[in-house]
Amino acid sequence: MPNRIDVVIQPVVLRFSLSEDEVVYYFASDTEAMLDRMETMMGIDPARDALFDSNLGFLPVSTTVLIRGERNIVVDPGNHHTGFYGQLGIGLSRFGLAPDQIDVVVCTHCHHDHMGSAFRIPGAELVMGQGEADFCEELYGPEETAARLAVMGKLTEVPRGGELELMPGVAAISTPGHTPGHISVLAESEAGDRVVVAGDTVMTRREYSERTFSHWYTDGQLRGLHASLDRIHALRPTTVMPGHDRAFVPGRQPG
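Enquirer: Mind showing me how you'd approach the sheet that holds strand S10 (residues 163-167) here?
Expert: By definition, the strands of a sheet pair up through backbone hydrogen bonds, in either a parallel or an antiparallel sense. Pairing is mixed across the open sheet formed by five strands, whose spatial order is S10-S11-S12-S13-S14. Lying at the two open borders of the sheet, with one neighbouring strand each, are S10 and strand S14 (239-242). Neighbour to neighbour, the strand axes of the sheet diverge by 20 degrees on average, direction disregarded. Note that strand S13 (residues 194-199) and S14 share four bridges and pair parallel. What sits directly across from Gly199, in S14, is Pro242.

As structure tokens, then:
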């Protein structure tokens, strides 16, 4: 059966800060402006400020992708808001599916904006990278991590440095760097395209083409990201779906 690959929810990013007792939101249409450039405008200096102790809030909606073939697979169901308020279900209904018809949920990594709505697809097999559940415990604690996993079906881990076939023409691939167990998905479409759903290994188009990464990354993370991006480039994708930018064709100028 040929695979169909569709974006269910397009990404968008908001930044916010506290001004006295009011939370103020910032938005720009350009993804790059919303990331490091917006922080510069807000006076955030990564050499001086810690990410979670500075007056900087980050409310992202990541790219959510549906892959239909022998099984129905959702990659990165998104943040808690899109699931709680129903946008994930509404998005799936555009393709004639309900959450209980999804067989597999792939979370490229355990950050809230990519995994938070997994609870809206209870019982589905959960695919993550080896060790990512342990990293989830580091971030959110054992109790919250256990609660997240309890609503899901079987946990399947992609071996560190390896790959795992999810169904014919679709494989999850280890791409650590952004997080220790980060994975991406390579899917061959019915039209013959090779689509990489990259998660936050490629947050934006510029990261793929210019390898210009966020100033918040450590040296160790950057080494992992470059190695993982080497692996993605070697796959020769015809389309890349970044975690926080619109899908693009490598080598083609935007416009």
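Next comes the rest of the write-up.
Enquirer: How should the nonpolar core be read in this particular structure?
Expert: One broad trend across soluble globular proteins is that nonpolar side chains are buried collectively. Leu66, Ile102 and Val105 are the most contacted members of the largest nonpolar core, which has 23 residues in total. Elements with a minimum of two residues in this core: strand S1 (4-9), helix H3 (87-93), strand S8 (125-129) and helix H5 (132-140). The leading source of residues in this core is H5, at three residues. With near-sequence residues (within four places) excluded, Leu66 lies in contact with Arg4, Ile5, Asp6, Val8, Ile73, Val74, Leu92, Phe95, Leu97 and Ile102. One finds Met34, Ile44, Phe213 and Phe248 within the second-largest nonpolar core, a separate group that totals 22 residues.

Enquirer: Which parts of the structure should I look at to understand the side chain of Asp49?
Expert: Mapped onto the elements of the fold, Asp49 is located in the loop between helix H1 (31-41) and strand S4 (57-61). Residue classification places Asp49 among the buried residues on the basis of a relative accessible area of 19%. The residues touching Asp49, leaving out its near neighbours within four places in the chain, are Gly43, Ile44, Ser54 and Trp216.

Criteria and cut-off values
- Residues numbered from 1 in each chain as written.
- Predicted model: local features only at pLDDT ≥ 70, side-chain atom pairs only at ≥ 80, totals over all residues.
- Heavy atoms only, no water.
- Pairing = 2+ DSSP bridges.
- Helix = DSSP H or I, 4+ residues; strand = E, 2+ residues; numbered from the N terminus.
- Axes fitted to C-alpha atoms, helices over the stretch in contact; angles between N-to-C directions.
- Core = buried A, V, L, I, M, F, W, Y, C linked by side-chain atoms within 4.5 Å.
- Buried < 20%, exposed > 50% of the residue type's maximum accessible area, 1.4 Å probe, protein only.
- Contact = heavy atoms within 4.5 Å.

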